[in-house]
Amino acid sequence: QVQLEESGGGLVQAGGSLRLSCRASGRSIVYYTMGWFRQAPGKEREFVAQISWSGVSTYYADSVEGRFTITRDNAKNTVYLQVNSLRPEDTAVYYCAADGSTVGAKMIPNEYAYWGQGTQVTVSS
């Protein structure tokens, strides 16, 4: 089993930045595909970013491309999401997810086996 714990969320003004962290425990995530999703009130959970086990391949939602960056530090069993140029529409609970399959892009929540509890990001205008 993999346990995931997100941190780093908060209240920030539009244009600001945050660094979200996702620390894994229970087992090494070195061969896991890792993703970030978000869910705003009244909306479905949506894909934000994904990083391959090696860190070589990354995928982003169009809405965050160029503003958000996903990275990982396998030695620390941690994945990060640097979020820059934040907009009010980025307000949501951000979730970290992990899956043992290393094949291709995973942009659907059901493709991930493990989830964290989420961290709130609120962007004021």
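As shown above, the structure is provided for reference.
Every chain is numbered on its own, with residues counted from 1 as its sequence reads. In view of the model being predicted, local features appear only for residues whose pLDDT reaches at least 70, and side-chain atom pairs are presented and counted only at 80 or more, with totals across whole chains, interfaces and linings using the full set of residues. As a rule here, side-chain values come from all non-hydrogen atoms in the structure, and water together with hydrogens is ignored.

Structural notes on unusual backbone geometry
Worth spelling out the cut-off: Relative accessibility thresholds used throughout: buried, under 20% of the residue-type maximum; exposed, over 50%; partly exposed, between the two (1.4 Å probe, protein chains only).
Positive phi is not limited to glycine here, since Asn77 has a value of about 55°. What makes Asn77 buried here is its relative accessible area of 13%. Of note, Ser85 is a non-glycine position whose phi angle comes to about 50°, a positive value. We classify Ser85 as partly exposed; its relative accessible area is 40%.

With respect to the state of the cysteines
To keep things clear, this is the line we draw: In what follows, a disulfide is any cysteine sulfur pair within 2.5 Å. Helix numbering and strand numbering both begin at the N terminus, where a helix is a DSSP run of H or I of at least 4 residues and a strand a DSSP run of E of at least 2.
What the rule picks out here adds up to one disulfide. At a sulfur-sulfur separation of 2.0 Å, the disulfide partner of Cys22 is Cys96. Its S-S torsion of approximately -75° makes the covalent link between Cys22 and Cys96 left-handed. Note that Cys22 is positioned in strand β3 (residues 18–25) and Cys96 in strand β9 (residues 92–99), a separation of 74 residues in sequence. Residue Cys22 is classed as buried on the basis of its relative accessible area, which comes to 0%.

Looking at the nonpolar core
To keep things clear, this is the line we draw: Grouping buried Ala, Val, Leu, Ile, Met, Phe, Trp, Tyr and Cys residues that are joined through side-chain atoms within 4.5 Å yields what is termed a nonpolar core. For this analysis, residues touch if any pair of their heavy atoms sits within 4.5 Å.
Core analysis: the biggest nonpolar cluster contains 34 residues, and Leu4, Met34, Trp36, Leu81 and Tyr94 have the highest contact counts within it. For this core, the secondary structure elements donating two or more residues are β3, β4 (33–39), β5 (46–51), β7 (68–73), β8 (78–83), β9 and β11 (119–124). When residues of this core are assigned to their parent elements, the largest contribution, five residues, is made by β9. Excluding residues within four positions of it along the chain, Tyr94 makes contact with Glu6, Leu20, Trp36, Phe37, Arg38, Val48, Phe68, Leu81, Gly118, Thr119 and Val121.

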